[in-house]
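Given next are the chains, with one letter for each unit.
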Amino acid sequence: MSGPGGTKTVRVAAGLIVGMLMAGGVAACAYEDDGDPRPTAAGQSHRPAPAAPTKDPGVLGVEASNYAELHKRLAEAPGSALLSDSGPADGPGVGFTKAATVTVAGPHTVTAACVGIPHAQIYLSQNSPAGTEHTVLDVDCSRTQSQVVQLQKGYVSAQLTRPDPTGAWTGAVAGIKVTGR
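What counts and how
- Residues numbered from 1 in each chain as written.
- Predicted model: local features only at pLDDT ≥ 70, side-chain atom pairs only at ≥ 80, totals over all residues.
- Heavy atoms only, no water.
- Pairing = 2+ DSSP bridges.
- Helix = DSSP H or I, 4+ residues; strand = E, 2+ residues; numbered from the N terminus.
- Axes fitted to C-alpha atoms, helices over the stretch in contact; angles between N-to-C directions.
- Core = buried A, V, L, I, M, F, W, Y, C linked by side-chain atoms within 4.5 Å.
- Buried < 20%, exposed > 50% of the residue type's maximum accessible area, 1.4 Å probe, protein only.
- Contact = heavy atoms within 4.5 Å.
- pLDDT = per-residue confidence, 0-100.
- Salt bridge = Lys/Arg side-chain N within 4 Å of Asp/Glu carboxyl O.

Draft legend 1. Focus on the sheet that holds strand 3 (residues 106–115). If you walk across this open sheet you meet the four strands as 1-8-3-6, and the pairing is antiparallel. Either end of the sheet is taken by a strand with one partner, and the two such strands are strand 1 (81–88) and strand 6 (145–151). When the angles between neighbouring strand axes are averaged without regard to direction, this sheet yields 15°. Pairing analysis gives seven bridges linking strand 1 to strand 8 (residues 173–180), with the strands arranged antiparallel.

Next comes the structure, spelled out in structure tokens:
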């Protein structure tokens, strides 16, 4: 037989433990509501996809013209392309990132150009046993720039970043071409 209040104490303790376990179980439950009723088999709702921001047709024309000039400049690079990419240098969707595999180590020519802005920065990087090696190309957009870099076997990547993330969209573009020598 238990002492005074013993059975009551055990019941209270058991109730607390069960309550805590139930609270933990309920807390683990999640209810998600996307706000719209679920479509039925009889009639599914077809909501239009969210529209991307519209691009100014005038700026798109400038951008197309700038791409044509950029591709002419990059086409002057001699040799077969190991890596070649271009992208917008300002505005929505700015930049590019491209990777390629170097199969023959040695000197490679990196040609970079930009049109529609005064300058751009393109990063060329490659992993090596000593760590990641970076070459920063500060591109003067008034001309096409070429330089020779030593690349090892393995992956090499190029990336264009935007120096002014809040600047206006003007249709400026930049690109790179890496060729074997």
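That was the structure; now back to the text.
Draft legend 2. The nonpolar core, seen in detail. Within the largest apolar cluster, 23 residues are counted, with the highest numbers of intra-cluster contacts made by Ile122, Leu124 and Ile176. For this core, the secondary-structure elements that each account for two or more residues are strand 2 (96–102), strand 3, strand 4 (119–128), strand 5 (131–140), strand 6, strand 7 (154–161) and strand 8. Setting aside its immediate chain neighbours within four residues, Leu124 contacts Val110, Glu133, His134, Thr135, Val149, Val156, Ser157, Ala158, Ile176 and Val178.

Draft legend 3. Molecular detail of the confidence of the model for the protein chain. Chain-level statistics for the protein chain give a pLDDT mean of 79 and a share of 69% at 70 or above. Here helix 1 (residues 6–28) stands out as the least confident element of the protein chain, with mean pLDDT 52; strand 3 is the most confident, with 96. Scored below 50 in pLDDT, residues 26–33 makes zero contacts in the model with residues more than four places away or belonging to other chains. Note on residues 39–45: pLDDT under 50 across the span, and two contacts to partners over four residues away in sequence or across chains.

Draft legend 4. Structural context of the side chain of Lys177. Note that Lys177 resides in strand 8. If sequence neighbours within four positions are ignored, Lys177 has contacts with Leu74, Ala75, Ala77, Ala81, Leu83, Ser84, Thr109, Val110 and Thr111.

Draft legend 5. The arrangement of the pattern of salt bridges in detail. As enumerated under the stated definition, the model contains three salt bridges in all. Across the salt bridge formed by Lys72 and Glu69, the nearest N and O atoms sit 3.6 Å from each other. Of this pair, Lys72 and Glu69 both sit in helix 2 (residues 57–75), three residues apart, which is roughly one turn of the helix. The class of Glu69 is partly exposed, set by a relative accessible area of 27%. Two residues, Arg73 and Glu69, come together in a salt bridge whose shortest N-O distance is 3.1 Å. Of this pair, Arg73 and Glu69 both sit in helix 2, separated by four residues, roughly a single helical turn. Arg73 gets classed as buried once you look at its relative accessible area, which sits at 15%.

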